[in-house]
Amino acid sequence: MRRFAPRFLAAPSLALAFLALPATPVHAASAPCKPGSGVDLRGRDLTGAALPPDMRCADLTGAKLDGVDLTGKDLTGAVLSKASLKEADLGQVHLDYADLRGADLSDADLGQLQAKQANLRGAILTDADAVQAEFPHSDLTGAVLTRAVLTQADLTDARLVDADLKDATLGQIKGRKADFTRAKLDEAKLGQAHLEHATLKDADLSEAEFTQAELDGADFHGANVDKASFIQADDVDLTGARGTPVNLPDDAVAPGGAAGDEPAADRTTTTTTWERDVPGNAVGPKGLSPALILVIVSGLGLSLTLILWGVAHRRKERFVAEMAVARHAAEEDVTRFGEEIDALDFEMKINQVSGPTHEWRAALDAYEAAKQALNVAQTPYDLRAAATAVARGRYALHEVRSRLSATGGHR
């Protein structure tokens, strides 16, 4: 369980600099300001400092923010190049258009992070928790995301060329038109991933899992798909791929292409056995007998019944699999929320401070509501109640942290 270090007041000079800044409400802007034009915090150690209220387009190049709680902060257009954010909490942070080239986000909490068109080239996100994070149209070229959790993340049209996603969890991601050229995705989990028209050229997909993934138009040319699993995946076309995949659907195109149809017989020159062996004045074969027709009709009826049963069975299997994936993601989210409550409770106890009673009670009630919703959920739709409760609880925790930071707690 992650423990957060207690916060202390900033050094006098830094604190005075922050007080001189105009207070503005925290919200995501529709258009970015000039990157780096905000408060200048280059190279600063902010692990124990009070952060300024306005951090839009701040220059945090090389800054140290390890373990810092940035929950809900607006860092739109900020420059965090080569900054250290290890184990930092960036839940629901706005980083649209931000520059995070070479930044270290190892073990960071990036849940519901918003980073549209952000530059994360060469960034380190090893073991980061980025559930429902949004990276549409962002550049993650060469980024290291080993073992990162990106469940339900938005990677639409994102660039992940040469990225390292070994053993990463990418279940239910939105990856339409994403570019994974030469990316390392060996042993990655991509269950129910939406990868329509994604580029996976020359990527390492060995032992990756594509259970029920949507792959219409995905390009696998040159990719290593050895032992990759495609259980119930849709529109699988592995033309040009290398290796031997497993669990391919019946309609999938295997590496090397599907077998073509045999050439049609030349009906102008081919003769039947009857024409070849029977004299021309002999009586030809009679039509089908009623008994044979009945057998054929019965066979067709049985075949139709089996087909309908098979369709219903596959639908049931698909529902069970979808529910399992959704329930697993929801359980992980509720568990993480419980760990966040424990961490804050521990922090308050060791510092002998108490938080606002109403918000703290609301967070605990939300946790119980989320667990109850998990217990009674029967469909993926039912699991939304758990997600709603967790979101409400995290907001309450954020309020507790904010008041503790503002007042220093109550002895």
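Cut-offs used in this document
- Residues numbered from 1 in each chain as written.
- Predicted model: local features only at pLDDT ≥ 70, side-chain atom pairs only at ≥ 80, totals over all residues.
- Heavy atoms only, no water.
- Salt bridge = Lys/Arg side-chain N within 4 Å of Asp/Glu carboxyl O.
- Helix = DSSP H or I, 4+ residues; strand = E, 2+ residues; numbered from the N terminus.
- Buried < 20%, exposed > 50% of the residue type's maximum accessible area, 1.4 Å probe, protein only.
- Expected span 1.5 Å × (residues − 1).
- Arc of directions from axis to C-beta.
- 1 Å grid on protein atoms, 1.4 Å probe; cavity = no way out; pocket = protein on both sides within 12 Å on 5 of 7 lines; lining within 4 Å.
- Points joined across faces, edges and corners; volume = space filled by probe spheres on them.
- Nonpolar A, V, L, I, M, F, W, Y, C, P; charged D, E, K, R; others polar.
- UniProt positions renumbered as here; feature names shortened; annotations may be inferred.
- Disulfide = S-S within 2.5 Å.
- Patch = residues over 30% accessible without salt bridge, like charges linked within 9 Å, V, L, I, M, F, W, Y side chains within 5 Å.
- Areas by Shrake-Rupley, 256 points an atom, 1.4 Å probe, with all protein chains shown as cover.
- Lys, Arg positive; Asp, Glu negative; His and termini not counted.
- Charge placed at Lys NZ, Arg CZ, Asp CG, Glu CD.

Going by what an unreviewed UniProt entry lists, the chain is known as Pentapeptide repeat-containing protein and is assigned to Microbispora bryophytorum subsp. camponoti.

A word on the pattern of salt bridges. Across all of its chains, the model carries 20 salt bridges by this definition. In this structure, arginine 336 engages aspartate 333 in a salt bridge whose closest nitrogen and oxygen atoms are separated by 3.6 Å. Of the two residues, arginine 336 and aspartate 333 both sit in helix α3 (residues 290–350), three residues apart, roughly one turn of that helix. Classification of arginine 336 as buried rests on a relative accessible area of 16%. On the accessibility criterion, aspartate 333 (16% relative accessible area) is buried. Among the ionic pairs, glutamate 368 bridges to lysine 371, the shortest N-O distance being 3.4 Å. Placement of both glutamate 368 and lysine 371 in helix α4 (residues 357–376) is noted, with a separation of three residues, approximately one turn of the helix. Members of the salt-bridge network, linked through shared partners, are Asp129, Asp333, Arg336, Glu340 and Arg394.

A few words now on α4. With 20 residues, α4 should reach 28 Å at 1.5 Å per residue; the first-to-last C-alpha distance of 29 Å fits that figure. Within the span of α4, buried status applies to Glu359, Trp360, Ala363, Ala366, Ala370, Ala373 and Leu374. Buried residues of α4, seen end-on, are gathered within an arc of 145° and therefore sit on one face of the element. Across from the buried face of α4, at angles greater than 90 degrees, the exposed residues are Thr357, His358 and Asn375.

Right, let's talk about the layout of surface pockets for a bit. Each pocket or cavity is described by its volume, and for the second largest pocket that value is around 790 Å³. Along the wall of the second largest pocket there are 37 residues; nearest its centre are Gln112, Val131, Gln132, Asp333 and Ala387. Within the residue set of the lining of the second largest pocket, elements represented by two or more residues are α3 and α5 (384–407). Take the lining of the second largest pocket: its biggest share by element is eleven residues, from α5. Grouping the amino acids of the lining of the second largest pocket by side-chain chemistry returns 14 nonpolar, 13 polar and ten charged.

Before going further, it helps to examine the UniProt feature "transmembrane region" (unreviewed entry) in the chain. Following the UniProt record, the feature "transmembrane region" (unreviewed entry) maps to residues 291–312 here. Between the C-alpha atoms that bound residues 291–312 there is a distance of 32 Å. The span itself is 100% helix and 0% strand.

Further remarks concern the state of the cysteines. By definition, a disulfide links the sulfur atoms of two cysteine residues through a covalent bond. Enumeration according to the criterion identifies one disulfide in this entry. A sulfur-sulfur distance of 1.9 Å marks the disulfide that ties cysteine 33 to cysteine 57. Looking along the S-S bond of the cysteine 33-cysteine 57 disulfide, the torsion reads about 115°, which is the right-handed sense. Here cysteine 33, found in the loop between α1 (12–19) and α2 (273–277), pairs with cysteine 57, found in the loop between α1 and α2; they are 24 residues apart in sequence, far enough to count as distant. For cysteine 33, a relative accessible area of 23% puts it in the partly exposed group.

On the surface, a cluster of negative charge is made up of Asp216, Asp235, Asp250 and Asp251. Its location among the elements puts aspartate 251 in the loop between α1 and α2.

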